[in-house]
Amino acid sequence: MPKALITGVTGQDGSYLAEFLLSKGYDVIGMVRRTSTINFHRIAHFQDKITLVPGDMLDQISLIHILEEHRPDEIYNLAAQSFVQTSWSQPVFTGNVTALGVTRLLDAIRIVDPKIRYYQASSSEMFGKVVETPQRETTPFYPRSPYGVAKVYGHWITINYRESYNMHTTSGILFNHESPRRGMEFVTRKITHHVAKIKLGLTKELRLGNLDSRRDWGFAGDYVKAMWLMLQQDEPDDFVISTGDTNSVENFLTAAFGAVDLDWHDYVVQDPRFMRPAEVDLLVGDPSKAGEKLGWEPTVTFPELVKMMVDADMKMIKSGNPVL
């Protein structure tokens, strides 16, 4: 039975990836950081099927111990301070986890077992102020946030370990991917949750920043399959994972409010507090390499994704369940 270690297993991507690997017959090890708030709701329905181990991207000794004890065949590094807005107020912490954390983990692999296959979660935020559209694997990076800068470091150190130590290290440059498990701090989930609350009469307005930003939004469940496919290749490489379609925040609002027969203009207020110091205006990826080499393509369309999220939030609020 193949064995995989997932860092960031309690997050959106980690939970979908763990489910996917379980369906493939993997023994799944999930690394969790000890915090004052236990946050296992995304994995609660299959938590008894995986092994949770304590570790921290800031503590290399803990990473080495995990690799020595569990000996994974594959590692998926999804751990990060992953919220762009927070990276402005915590830039040093973001760099320490999202950038230097990658080096700690790669060096732990080099020390314990350099044959382990490694997946690095790179991000479309690395393209930032884009120099060409659509963005592909060869597009130069121009990050516009401490998060984007940290992800560029993580991306390049992954390539350096591949080329310097002949390690099977691969980066997936994933464009925005959402789901009903998306964190509330992200604009997509903020929108769908507020749409549900407004429809159910629990609130009357939604405050947002820039409505003109355009993103390439896909379904997280599709994207984790691409991560797995990358580590099944004979040679490590880098892949853009995206839908190739772009939509504005305004488009997302139209689809989300439309799913419950409301007009977003009646409820949305633009608030300067939610504007970024440096905005990323347009991201749209070219996933053709992933299609050709991995045989991967997205299965959930943008309207289907938005409706899925609104329906899930409606169901969650009606049932009285805690926020996921």
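Preceding block: the structure.
Residues numbered from 1 in each chain as written. Predicted model: local features only at pLDDT ≥ 70, side-chain atom pairs only at ≥ 80, totals over all residues. Heavy atoms only, no water.

(A) Expanded view of the sheet that holds strand β1 (residues 3-7). Taken together, seven strands build an open sheet; the order of strands is β3-β2-β1-β4-β5-β6-β11 and the sheet is parallel. If you trace the sheet from one side to the other, it starts and ends with β3 (51-54) and β11 (238-241), each paired once. For this sheet, the mean angle separating the axes of adjacent strands, direction not counted, is 20°. Summarising the sheet, strand β2 (residues 27-32) and β3 pair through four bridges and their orientation is parallel. Considered in β3, the bridge of M31 is made with V53. Against the sheet, helix α4 (residues 91-112) makes contact with β1, β4 (74-77), β5 (117-123) and β6 (169-174), and its axis sits at roughly 170° relative to β5, the strand it touches most. (Pairing = 2+ DSSP bridges. Helix = DSSP H or I, 4+ residues; strand = E, 2+ residues; numbered from the N terminus. Axes fitted to C-alpha atoms, helices over the stretch in contact; angles between N-to-C directions. Contact = heavy atoms within 4.5 Å.)

(B) Structural context of the packing of helix α1 (residues 12-23) against helix α7 (residues 220-231). One can describe the packing of α1 onto α7 by two numbers: an axis separation of 9 Å at closest approach and a directional angle of 65°. By crossing handedness, the relation of α1 to α7 is classed as right-handed. Of the residues in α7, those touching α1 at Q12, D13, Y16, L17, F20 and L21 are A220, G221, V224, K225, M227 and W228. Per-class residue counts for the contact of α1 with α7 are eight nonpolar, two polar and two charged. (Left-handed = near helix turned anticlockwise from the far one by under 90°. Nonpolar A, V, L, I, M, F, W, Y, C, P; charged D, E, K, R; others polar.)

(C) Expanded view of the packing of aromatic side chains. Scanning the model with the defined rule gives 11 aromatic pairs in all. The interplanar angle of 65° and the centroid separation of 5.2 Å between the aromatic rings of W217 and F252 together place this pair among those described as edge-to-face. Of this pair, W217 sits in the loop between β9 (214-215) and β10 (218-219) while F252 sits in helix α8 (residues 249-258), and the two are 35 residues apart along the sequence. For W217, a relative accessible area of 3% gives the class buried. F252 gets classed as buried once you look at its relative accessible area, which sits at 0%. Here the aromatic residues F127, F141 and F175 are joined through ring pairs into a cluster of three or more. In this arrangement the basic side chain of R110 is found over the ring face of Y165, its NZ or CZ atom lying 5.3 Å from the centre. Between K289 and the ring centre of F239, over which it is positioned, the NZ or CZ distance is 5.0 Å. (Phe/Tyr/Trp six-rings, centres within 6.5 Å; stacked < 30°, edge-to-face > 60°. Buried < 20%, exposed > 50% of the residue type's maximum accessible area, 1.4 Å probe, protein only. Lys NZ or Arg CZ within 6 Å of the ring centre and 35° of its normal.)

(D) Up close: the pattern of salt bridges. Scanning the entire structure with this criterion turns up 14 salt bridges. R215 serves as the salt-bridge partner of E125, at 4.0 Å between the closest nitrogen and oxygen. Placement of the pair is E125 in the loop between β5 and α5 (146-165) and R215 in strand β9, with a sequence separation of 90 residues. With a relative accessible area of 5%, R215 lands in the buried category. Two residues, R136 and D286, come together in a salt bridge whose shortest N-O distance is 3.4 Å. One end of the pair, R136, is in the loop between β5 and α5; the other, D286, is in the loop between β13 (268-270) and α9 (288-294), with 150 residues separating them in the sequence. (Salt bridge = Lys/Arg side-chain N within 4 Å of Asp/Glu carboxyl O.)

(E) Spotlight on the side chain of S242. Along the polypeptide, S242 turns up in the loop between β11 and β12 (247-248). Within the structure, S242 has its side chain in polar contact with the backbone oxygen of G285 (distance 3.2 Å). Not counting residues up to four positions away in its chain, the partners in contact with S242 are F175, D216, Y223, G285, D286, P287, W296 and P298. (Polar contact = N/O pair within 3.5 Å; in protein donor to acceptor, adjacent residues only side chain to side chain.)

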